Amino acid sequence: MSSREIIDTQVKTFHDTIEMPWKRSFLSLMRSTYLEDLIGETEISFSEKNNIFIRENWDSIKHLTLVDPFRMGVLIDLLEKVKDVEGDIVECGSYKGGSGILMGLWLKANGIKKTIHMMDSFAGLPDPDAVNDKGYKKGQFMSDFDLVKSEVEKNGLSDMVKFHKGWFSDTVPPMKNDVKIALFHVDCDLYTSTNDCFPDLYPAVTQGGAIVLDDFNDGGGGEKKAVHDYLERNELSEVIHISPAPQSFIIKGEAANDIIKVGGQKYSDQHISNNQPYLNWLKENYDLNLMENIQKVNSSA
Ligand SMILES: C[S@@+](CC[C@H](N)C(=O)[O-])C[C@H]1O[C@@H](n2cnc3c(N)ncnc32)[C@H](O)[C@@H]1O
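Residues numbered from 1 in each chain as written. Predicted model: local features only at pLDDT ≥ 70, side-chain atom pairs only at ≥ 80, totals over all residues. Heavy atoms only, no water.

A.B. asks: Can you lay out the sheet that holds strand β5 (residues 205–213) for me, pointing to particular residues and giving the numbers?
C.D. replies: In spatial order, the strands read β3-β2-β1-β4-β5-β7-β6-β9-β8; together these nine strands make up an open sheet with mixed pairing. Since the sheet does not close on itself, it has two edges, and those belong to β3 (161–165) and β8 (260–262), each with one partner. Neighbour to neighbour, the strand axes of the sheet diverge by 20° on average, direction disregarded. Across five bridges, strand β2 (residues 116–120) lies against β3 in parallel orientation. Note that in β3 the partner of His117 across the bridge is Lys162. Set on the sheet, helix α6 (residues 145–154) makes contact with β2 and β3; between it and β3 the angle comes to about 175°. (Pairing = 2+ DSSP bridges. Helix = DSSP H or I, 4+ residues; strand = E, 2+ residues; numbered from the N terminus. Axes fitted to C-alpha atoms, helices over the stretch in contact; angles between N-to-C directions. Contact = heavy atoms within 4.5 Å.)

In structure tokens, the structure reads:
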């Protein structure tokens, strides 16, 4: 094998490994009855710092979200981490409002004044890219803008939420120079959609702010490619933290120890290795030993 082929094989094996948890678990995690059972299992922790908050507020958003409690736990912990970072919350991909509303409830409960920008067509996904997106369909995840607005009102968050209804290619350019971001939730599934928001809004994220990539390891490949392309094009050496699948996240400008270098990109498994409840759940339910698999790939690189 040529050295190029060896690197390509390592890159593929690494990404197959970090995408495996979602491949195995997505069918159950997309089922509302399974999520009800999971939330009912009080010994499972979904969050290092906000487990009680997630459990107590799940009923308010469970019918409004595609994000499971493990990912939601990380999202809310990151929100806590960046609570004093200058800037607002921008969510590209709000669907029925669930993740945005949960962030709003946390900010309200903790007396923190930040605006949540909910950005969505509210008409579902645009056309997936023929080459770079797998497994998604045009119109998927359609929601209803009036219902989302009424849920925001019902949860007492109207003062805090600013809606940007429409395609990102139309709604991002008018706000990109005026916004400062403490947390950027990138939850729009597709290559083109990520390209329509990430390159314009990444520069608006304050140093130390969080960028949460909800679909990075979903196997669709689009969000991952758009993020990698942007980082490479701009020679940015950010560390991508592996998180409960399919999510990953970046803390802008933050150094990390024990970096895994794969195909010119830097990753860290520190966060996931500390998330024992999630690792236990993968092992018990899917016989998947994620850390062992990552270490195997890492040592053969
Ligand atoms: C997976 S859903 C978001 C899930 C949401 N965060 C939750 O809590 O369930 C993806 C959303 O991204 C939106 N979307 C994707 N591409 C878009 C684009 N180019 N412009 C506007 N909205 C887009 C879709 O309409 C859809 O509501």
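A.B. asks: Pulling in residues and values, what's your account of the site of the ligand?
C.D. replies: Neighbouring the ligand are 22 residues, the closest being Thr65, Leu66, Asp120, Asp187 and Ser193. Backbone polar atom of Leu66 to an oxygen atom of the ligand: 2.7 Å apart, as the coordinates give it. At 3.4 Å, a backbone N or O of Tyr95 approaches an oxygen atom of the ligand. (Near = heavy atom within 4 Å. Polar contact = N/O pair within 3.5 Å; in protein donor to acceptor, adjacent residues only side chain to side chain.)

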